[in-house]
Amino acid sequence: MRTRLLGPPRLPVSELALGTWGLTGEAYGYVEPAERDRVIDRALELGVTVFETADVYGRGEMEKCLGERLAGKDARIVTKVGTFRHDPASGPTPGYDVYKRFDGKYLKDAVKRSCDRLKREKIDVVLLHNPSASTMAATEAALAMNDLKQSGVIGTWGISAGDSYAARAALGHGAEVIELPYNVFFSRELHDLAGEIRAANAGVLARSVLSYGLLAGLYIGSHSFPANDHRSNRWTRREFESRIRQLDAVRPLVTGNVLTLRAAAVRFALANEMVSSVVLGPKSVSQLEELVREAGEEPPYLTTEALTQLATDLAHAGVMT
């Protein structure tokens, strides 16, 4: 496992990070606790040193799990705060049960709770969990995070953002780590921010690199996801079928030692030198081992010629990356 450096702290991190949302069973269906634990343990054995989570995953249970399994290990934890779920014990609530809070007191209390669950006095990286651009344009959240950094409760802070507007505002307030969706089908946010990221020397965590599994090339247009899989509501049938057709623009990358579409997708993210670590979310040990094996051992992960041709093929397929 190769390492890169993350942000101004120059934190050594593995090129591949273990994302843990899928391991909670909340994203892609149920995962046996024993298999969840095996995935975390095997990731450590394979040289993964970055474990990405959030206080809302499993209502805090994933942080507790990582706190137990990573105790005494050479591992960097990245957690996210600012999202919380409705407590069923307080009675029914209309609509979706996920809410956002980014006021200073809440954030500081949330980080303290994360420290307790993770069994750490200091968390390596804490990210604001998808705040809006208007939230980041204000200063309260950033001031709270800078206070936590100065007091030594966190090593550094940043934002897990859904768009470049919120990420840009966070960089302006001192964020040192940016987590963004970055994949073959969706790369514009990182490209839009490239200048500011380089100027701030910020670290980049690339998530959704498989586009929620689409880029693994395992599905046909008529596939339906079960109700307990978030993808059942993520795309319309028309959008899903269009994406499946657009995979044809990616298939030319599968050549030589790039053995699968999944490998091509992971290598696409690794080929960007701005990316510090690629966040992957395997649900099983076998998936984890396949991802690590197919990612490649060293640059070039994809050739310049292949990336140039990919951009042309995607444009012809109607993909506005």
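Preceding this section is the structure that the text describes.
Every chain is numbered on its own, with residues counted from 1 as its sequence reads. Selection of residues for local features in this predicted model requires a pLDDT of at least 70, selection of side-chain atom pairs for listing and counting requires 80 or more, and totals for whole chains, interfaces and linings are taken over all residues. Side-chain metrics rest on all non-hydrogen atoms present in the structure, leaving aside hydrogens and water.

Participant: So what about the overall build of the chain? Which residues, and what values?
Facilitator: Numbering goes from the N terminus for both helices and strands, where a helix is a DSSP run of H or I of at least four residues and a strand is a run of E of at least two. When you go through the chain residue by residue, the secondary structure sums to 11 helices and 12 strands. Since a compact globule built from 321 residues should have a radius of gyration of about 20 Å, the 19 Å found for the chain is in line with a globular shape. Counting only C-alpha atoms, the chain reaches 50 × 45 × 40 Å along its principal axes. Only protein chains enter the accessibility calculation, which uses a 1.4 Å probe; a residue is then buried when its area is under 20% of its type maximum, exposed when over 50%, and partly exposed in between. Counting over 321 residues, the chain shows a buried share of 51%. Radius of gyration here is computed from C-alpha atoms only, and the compact-globule reference equals 2.2 Å multiplied by the residue count raised to the power 0.38.

Participant: Outline the pattern of salt bridges, listing residues and values.
Facilitator: Any carboxyl oxygen of Asp or Glu within 4 Å of a side-chain nitrogen of Lys or Arg constitutes a salt bridge here. This structure, assessed with the given rule, holds 24 salt bridges. The partner of E35 in a salt bridge is R38, with the nearest N and O atoms 2.8 Å apart. Pair noted here: E35 and R38 are both in helix 1 (residues 33-45), with a separation of 3 residues, about one helical turn. Exposure remark for E35: the relative accessible area of 17% places this residue in the buried category. Note that R117 and E63 form a salt bridge whose closest N and O atoms lie 2.7 Å from each other. Residue R117 is found in helix 3 (residues 104-118), and its partner E63 is found in helix 2 (residues 61-69); the two are separated by 54 residues along the sequence. By relative accessible area, R117 is classed as buried at 18%. The network of salt bridges with shared partners includes R36, D37, D41 and R69.

Participant: Can you explain empty space enclosed by the protein? Please cite residues and give values.
Facilitator: If you roll a probe as big as a water molecule over the atoms, it shows you where there is empty space left. Grid points spaced at 1 Å and placed over the protein atoms alone form the basis of the search, with a cavity being a set where a 1.4 Å probe fits but cannot get out and a pocket an open set showing protein on both sides within 12 Å along at least five of seven lines. Lining residues have an atom within 4 Å of a point. Grid points are joined across faces, edges and corners, and a volume is the space filled by probe spheres set on the points. For the coordinates displayed, the defined rule picks out 1 cavity of 30 Å³ or more. Approximately 40 Å³ is the volume found for the largest cavity. Along its surface, the largest cavity is lined by L16, A17, L18, V48, L280, P282, L288 and V292. Looking at the lining of the largest cavity, the elements with two or more residues in it are strand 3 (16-19) and helix 10 (285-294). The greatest single-element share of the lining of the largest cavity, amounting to 3 residues, is contributed by strand 3. Here the term charged refers only to Asp, Glu, Lys and Arg, the term nonpolar to Ala, Val, Leu, Ile, Met, Phe, Trp, Tyr, Cys and Pro, and the term polar to all other amino acids, Gly among them. Taken together, the residues that form the lining of the largest cavity break down as 8 nonpolar, no polar and no charged.

Participant: Give me the lowdown on the packing of aromatic side chains, citing residues and values where you can.
Facilitator: When two rings of Phe, Tyr or Trp (its six-membered ring) have centres within 6.5 Å they constitute a pair, described as stacked for plane angles under 30 degrees, edge-to-face for angles over 60, and tilted for the intermediate range. Under the counting rule described, the total for this entry stands at 10 aromatic pairs. With centroids separated by 6.5 Å and ring planes inclined at 25 degrees, the aromatic side chains of W21 and Y57 adopt a geometry described as stacked. With W21 in the loop between strand 3 and helix 1 and Y57 in the loop between strand 4 (50-52) and helix 2, this residue pair connects regions lying 36 residues apart in the sequence. For the pair F84 and Y106, a centre-to-centre distance of 5.9 Å together with 50 degrees between the ring planes defines the contact as tilted. Of this pair, F84 sits in strand 6 (residues 83-85) while Y106 sits in helix 3, placing them 22 residues apart in sequence. On the basis of relative accessible area, F84 is assigned to the partly exposed category, the value being 28%.

Participant: Hey, could you go over the side chain of H129 for me, with residue numbers and the actual values?
Facilitator: Inspection of the secondary structure assignment puts H129 in strand 8 (residues 123-129). With a relative accessible area of 12%, H129 lands in the buried category. Leaving out residues up to four positions away in the same chain, H129 has contacts with A54, V56, Y57, K80, V81, G82, T83, K100, F102 and S160. We call two residues contacting when some pair of their heavy atoms lies within 4.5 Å.

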